[in-house]
Amino acid sequence: ALEVPVLESVNPAAGAPDAEVALSIAGQNLVPGMRAALLPGGPVMAGRADLLVDCYDVARMGDLALVAFFEHVDKFGGFRVLDVANPRAPQVIGSFGTVDMGQALAVHGSTAFIATLNPYTYVVALRSVDMSDPTNPRQLGVLYHPTGYPQSMTVDGSMAFIAAGTEGVLIV
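An account of the accompanying structure is given in this report. (Residues numbered from 1 in each chain as written. Predicted model: local features only at pLDDT ≥ 70, side-chain atom pairs only at ≥ 80, totals over all residues. Heavy atoms only, no water.)

1. Focus on the environment of L52
Where we set the bar: By the criteria applied, helices consist of DSSP H or I runs no shorter than four residues and strands consist of E runs no shorter than two, each listed in order from the N terminus.
Tracing the sequence through the fold places L52 in the loop between β2 (24-28) and β3 (54-61). L52 sits 36 residues away from R88 along the chain, and the two C-alpha atoms are 18 Å apart.

Quick look at the structure:
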């Protein structure tokens, strides 16, 4: 497994914008030749979860991250539930599986919504999933639509809005 680099210190912490500066960098899992961008306020990699599947979308639910995926070899998709309370060491704690590709996710309260696509029939499905026990997500319902390609989704109150490629926006 790839170890996530952890930057522990950079000395000096600041320098003149156009001055040449010799830096001392210390941390864990740093390797020679690794590239780093040291910009004030810039994005910093806090952690990584290598799920060994193709990941398509992510939705947050408190200290959880739901990750839509599809595993091409076994033809299995859905979403994985990660505990990201410690972003340096995310842990898979649950999974919701379908035979379809997990494409787009949204969360409303304790319910997750996943738009899936069957890679053979191209039928789209919107599944509602009870997340009251994140270690054991349970399907509440499903609605099938004959065509489309889910790209993204948002849920507002009782309405789901799915960007579905050439089908436009599906409002459920």
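After that view of the structure, there is still more to cover.
2. Here we look at the packing of aromatic side chains
To keep it simple, the criterion reads: For this analysis, a ring pair means two rings from Phe, Tyr or Trp (six-membered ring only for Trp) whose centres lie within 6.5 Å, classed as stacked if their planes differ by under 30 degrees, edge-to-face if by over 60, and tilted for the remaining angles. Exposure categories follow from relative accessible area, calculated using a 1.4 Å probe and restricted to protein chains: below 20% of the type maximum is buried, above 50% is exposed, and the middle band is partly exposed. Sitting over a ring, as applied to charges here, requires NZ of Lys or CZ of Arg to be within 6 Å of the ring centre and within 35 degrees of the ring normal.
Applying the stated rule across the entire model yields two aromatic pairs. Summarising the aromatic geometry, the rings of F69 and F76 are spaced 5.9 Å apart at their centres and angled 50 degrees between planes, so their arrangement reads as tilted. The class for F76 is partly exposed, based on a relative accessible area of 34%. Looking at R80, its charged tip hangs above the ring of F69, at a distance of 4.1 Å from the centre.

3. Some words on the sheet that holds strand β7 (residues 101-108)
The following threshold applies: One requirement defines pairing of two strands: DSSP has to find at least two bridges between them. A fitted line through C-alpha atoms represents every axis, and for helices the fit uses only the stretch in contact; the resulting angles, taken between N-to-C directions, go from 0 to 180 degrees.
On the basis of which strands lie adjacent, the open sheet formed by four strands has the order β7-β8-β9-β10 and antiparallel pairing. Pairing within the sheet leaves two strands with one partner each, and these edge strands are β7 and β10 (138-145). Geometrically, the sheet is characterised by an average inter-axis angle of 20 degrees between neighbouring strands, direction not taken into account. Of the pairings in the sheet, the one linking strand β9 (residues 124-130) to β10 comprises seven bridges and is antiparallel in character. Across the sheet, R127 pairs through a bridge with V142, a residue of β10.

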